[in-house]
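Below, each chain spelled out in residue letters.
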Amino acid sequence: MDEKLNSILQTLMKNGSTFDREEMKRVTEEVKQVIKKDYSIHDTLEVVTKDLIENSSEFIHLTNRVISGLSSCIYLPNSDGTYSITVFGGTTNYDGQVEVDEKTIFDLASITKLYTFILTLSFMEKGFLRREDKIKDLDSRFESLGDYTVEHVLKMSGTIKTDGRVTDGKTEEEALKILETVYVSDSDFSYNNYTDFGFIVLSKVLEKVVSEKLGKSMTFEEIMNEYLLVPWGLTDTVFHPDKAKYQISGNGNQEGLVHDPKARLLGGAVGSAGLFATSSALKRLADNLFKVQNVNYTSLAGTIIYPNSKQSHKGYAGIYQKHPLGLDKTFVPNEYATGSFAHQGFTGSVAIFDSANRIHNSILVSSIGDGELKKPDGFIDALTVYQMMLTKITLKAYLLNRYYEMVHQNENVEIKGKAK
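Peer 1: A description of the pairing of strand E2 (residues 82–90) should follow, citing residues and the corresponding values.
Peer 2: Of all the nine residues making up E2, nine are buried; the element is thus mostly covered by neighbouring parts of the structure. Of the strand pairs in this sheet, E2 and strand E13 (residues 413–419) are connected by seven bridges, and their pairing is parallel. Note that in E13 the partner of Phe-88 across the bridge is Lys-418.

Peer 1: Report on unusual backbone geometry, specifying residues and quantitative values.
Peer 2: Although it is not a glycine, Met-156 sits at a positive phi angle of roughly 55°. The phi angle at Asp-236 is positive, at roughly 60°, despite the residue not being glycine. By the secondary structure assignment, Asp-236 is in the loop between helix H9 (220–229) and strand E6 (237–238).

Peer 1: Please give an account of the environment of Ser-349 that cites residues and values.
Peer 2: Positionally, Ser-349 belongs in the loop between strand E10 (341–344) and strand E11 (350–354). Using a relative accessible area of 0% as the deciding quantity, one classes Ser-349 as buried. In sequence terms Ser-349 and Gly-369 are 20 residues apart; their C-alpha atoms lie 15 Å from each other. Looking at Ser-349, its side chain comes within polar contact range of the main-chain nitrogen of Val-365, at 3.2 Å.

Peer 1: For the pattern of salt bridges, give the residues involved together with the corresponding values.
Peer 2: Within the structure shown, the criterion is met by 23 salt bridges. The salt bridge involving Asp-2 is made with Lys-32; its shortest N-O contact spans 2.8 Å. Remark: Lys-32 occurs in helix H2 (residues 21–36) and Asp-2 occurs in helix H1 (residues 2–14); sequence separation between them is 30 residues. With a relative accessible area of 14%, Lys-32 lands in the buried category. Arg-130 serves as the salt-bridge partner of Asp-133, at 2.8 Å between the closest nitrogen and oxygen. Residue class for Asp-133 comes out buried when judged on its relative accessible area of 12%. A single salt-bridge network, built from bridges that share partners, covers Glu-23, Arg-26, Glu-30, Asp-51, Lys-392 and Lys-396.

Definitions and limits used
Residues numbered from 1 in each chain as written. Predicted model: local features only at pLDDT ≥ 70, side-chain atom pairs only at ≥ 80, totals over all residues. Heavy atoms only, no water. Buried < 20%, exposed > 50% of the residue type's maximum accessible area, 1.4 Å probe, protein only. Helix = DSSP H or I, 4+ residues; strand = E, 2+ residues; numbered from the N terminus. Pairing = 2+ DSSP bridges. Polar contact = N/O pair within 3.5 Å; in protein donor to acceptor, adjacent residues only side chain to side chain. Salt bridge = Lys/Arg side-chain N within 4 Å of Asp/Glu carboxyl O.

All we've got here are geometric facts, nothing functional implied.
Here is the structure:
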């Protein structure tokens, strides 16, 4: 047993994982105790699930002033067997009337940019547009962007601004007119400056380019559905969720509308925000990324590891990167492999992807009160504590998964539990 577990730990370190040795020793000892009981694979995951439920229940109880509810997932797919643990609990908003369940759909906010990024890469592969194409050449409405290219948008290079606030528009048409004034205010493209404007513009450009290529008018929502969500099997990932079909959370309103005011004013479906998803839907996204389907995964991973950023290790599309030496923690745990990445939305939710170790975590939360513009003070501290706990339990599940794989005991295990 010791030899096998040490081999798994060596693989983690070879893949770039950096972790506290004493903490990892404690995790390994806990795993050994489970293995010694000669449990089945399902039983071992039940032990891990119980641990996650207890910790999640305590977390919801202690943080109910900043997080009313959550749906969180540990997902470890491989070719021989898949481990999946989903825990949900609390309520969809602070009034406490509707409980979160496995089908609750959450406002992803800026995590939408990850989908737009992947969608754009797929159209590049189809030859619809190129990285070096100037935005103004693809769509003359954005003439003021000058030499700003698709690549600049994806990297969020330099600084772009609009004449006036998009949210000052009284109608969608007025808001779009303000968006069309977007210009480059700082052309130092050697760094990234996080903004929504580029990806909103990109979604409008995709509407125009795709519609012209196909000879029919298509909205960004239709394009996202037809060319990414449906082909990848991403059911329960939607713009404009139907209140009659879903319990909706994370959006800070009772109408089922996207929280982001710019996205809402511009119709609710733009490249920067607007998508809603369940934990199960994010698992399917991880499946597609890990299996190298539809979009060249090397292209995706390879483009998020080098851009300079004014914010902590943000790369293309505002995607968080792991520090290569584990010196600075972002939303990517240091315990995960080099090249792992994550995205976090303004509503608080986080999605993490480690392709080398095939680890996916999601933390979908209800953290914005009805009609509130932002999350309450203390949210980030609470989220950090939860993610540290989730990472530790994920490592326990990972060690168990790989151990049983090495002794040729593999099966698909999916467990769902409710935090009290």
